[in-house]
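Close look at the chain arrangement
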Amino acid sequence: MSEKNREGKRTARERMQEERAAEEARSRRNRKLVVSGVVLAVVAIAAVVGVVVQNQRSKPETPVSAPVGAIGPKNLVIPDGPANAPSVLTVYEDPRCPACGAFERQFSATVDQLQDQGKVYNNYHLVSFIDRSLGGKGSKLGANALACAQDAGKFRDYHDVLYKNQPDETSDAFGSNATLISLAKQVPGLDTPVFESCVNSNKYSGWVSAVQQDFDKSSYKSTPTILLNGTPIYPKKGDEEISPDNLVKWIDAANQGKPLGTTGAASASPAPSSTAAPSGSTAPSSTAQPSATPSP
Amino acid sequence: MAGGQMSEPRGGFSLRRAVDGPAGEWFGLAVRLGLAVVWAWAGLAKVSDPAAAAQAVRAYEILPESLVKPVGYALPFLELALALLLAVGLGVRAVAVISGLLLLTFIGGISSAWARGISIDCGCFGGGGAVAASQTEYLQEILRDTGFLLMAAWLAFRPRTKLSVDAWLAM
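Anyway, here's the lowdown on the structure attached to this text. Since we're looking at a predicted model, the values are computed, not measured.

Scoring rules and cut-offs
Residues numbered from 1 in each chain as written. Chains lettered and ligands numbered in written order. Predicted model: local features only at pLDDT ≥ 70, side-chain atom pairs only at ≥ 80, totals over all residues. Heavy atoms only, no water. Helix = DSSP H or I, 4+ residues; strand = E, 2+ residues; numbered from the N terminus. Buried < 20%, exposed > 50% of the residue type's maximum accessible area, 1.4 Å probe, protein only. Contact = heavy atoms within 4.5 Å. Areas by Shrake-Rupley, 256 points an atom, 1.4 Å probe, with all protein chains shown as cover. Disulfide = S-S within 2.5 Å. Pairing = 2+ DSSP bridges. Right-handed = clockwise from strand over helix to strand, strands pointing away. Phe/Tyr/Trp six-rings, centres within 6.5 Å; stacked < 30°, edge-to-face > 60°.

1. A closer look at the overall build of chain B
The helix and strand tally for chain B stands at 8 helices and 2 strands. Listed by position from the N terminus, the elements making up chain B come as α-α-α-α-α-α-β-β-α-α. Looking at chain B as a whole, 48% of its 171 residues qualify as buried. Sequence separation of at least 24 residues holds for 72% of the intrachain contacts in chain B that already meet a minimum separation of 6. Element-wise, carbon and sulfur atoms account for 70% of the exposed surface of chain B, whose accessible area totals about 8500 Å².

So this is what it looks like as structure tokens:
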């Protein structure tokens, strides 16, 4: 009798325990579901917030302001040389890129001469991607300072000075505005309060970013990328290696039978005809390469 | 917790008990925090320059242009969210599974770039974009991500770790 009673009690207790265990398991399962839901929600919200925030933070592909005389559909290109010259040399350069420095040191005298003879004008794309891989600000601030020099009409001279004084790729000397301004003292008449404030305020940071984003979307992957009338010529044009002599030869061949450009006293940038409103549609030269769509 | 102790009543060395017991949970904590650091580092390195993050995605030449920016913009925030969840230990198993899927995607992307012969930096921890063919490090990048994948796999199979919100919620 008492034996049975005890058994009954025990089974009741076991049942209760089982129920409690089942209840506990159920509630644990529910908690797990809720937590998994929370995790998914956090991850999804983070992704959406990321798109919204980064979209807001990123600089527009069409710059709000561009240096004086910049050309191309979005005013991303700095022209240099006689705008009506028969050939155009399109140059994508990063201020920190060592191969660009080597190119400039080897070719700038030849290019200056070709420009001064009315044979060619340059379209410069001042890209700035080395900062991304090596860290620092030298590409971006260097490009901004070059844009400031363009405003002052001293692009070509300052461009040559910068590449002559280019630091090692891993050194971020151009990341200091003081360095960029002290180098500007080598160009007579460039180091003015207007230039210094343009450099120090990083006035063209938005434009510099737009130029880089345009390069990102182009099919070109490295600097220097150099095109003669739209055809890549660096490091080779077909089977021929680029050299100052070959460059002259190629340009002379391309110019055959065409009138040379007018070379006024001012071969310095901005090119005389390109100082008009930089509104894209009034691009001074019809032969200017639209920035991201080179003819193959 | 009690279940683990009951199923192994006798003493003596048992790998299973080591993995399930407190030692395993401390190890799990280390793995969890390690993976949190990885995601935080990856996210922070990519968050400062949206255009660079987008270009790192574009360089793979896999996604259409319309998806390049959304993915490049969302990814660092996603990684930071995973880092945060791992750091506090909330929903460790779900976070580990998402981490694993993400890492598999990365490994697939890098392998694809390698197989197609394009030369890029994976952009895993900032940077990214085209590099010279001699500067690609596909094997190292894949091995590194595989290591992270193993960490995620551990947490997916052993999500119970010390000092976690999960433990506090008695999950």
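2. Topic: the state of the cysteines
Residue and element names in this part refer to chain A. Tallying each qualifying case throughout the model produces 3 disulfides over all chains. Cys97 shares a disulfide with Cys100; S-S distance 2.3 Å. On the sign convention where negative means left-handed, the S-S torsion of about 90 degrees between Cys97 and Cys100 marks this disulfide as right-handed. We note that Cys97, like Cys100, is buried.

3. Looking at the pairing of strand β3 (residues 120–126) of chain A
Residues and elements named next belong to chain A. Taken across its 7 residues, β3 has 7 buried, putting it largely inside the fold. On β3, burial covers both faces: Val120, Asn122, Tyr124 and Leu126 on one face and Tyr121, Asn123 and His125 on the other are all buried. Where strand β1 (residues 78–80) lies against β3, 3 bridges are found, and the strand directions are antiparallel. What sits directly across from Ile78, in β3, is Tyr124. Sheet topology places strand β2 (residues 87–93) next to β3; 7 bridges connect them, and they run parallel. Pairing of Ser87 across the sheet is with Val120, part of β3. Between the parallel pair β2 and β3, the chain is carried across by helix α2 (residues 98–116), and the sense of this crossover is right-handed.

4. Topic: the packing of aromatic side chains
When we look at a pair of aromatic rings, we describe it by the centre distance and by the angle of the planes. Residues and elements named next belong to chain A. Under the criterion given, the structure shown has 13 aromatic pairs over all chains. Each ring, one from Tyr92 and one from Tyr220, has its centre 5.2 Å from the other, and the planes form 50 degrees; the classification is tilted. Taken together, the positions of Tyr92 in strand β2 and Tyr220 in the loop between α8 (205–217) and β4 (225–228) put the pair 128 residues apart, joining distant regions of the chain. Overall, Tyr92 belongs to the buried group, its relative accessible area being 1%. Looking at Tyr220, the relative accessible area reads 14%, which means it is buried.

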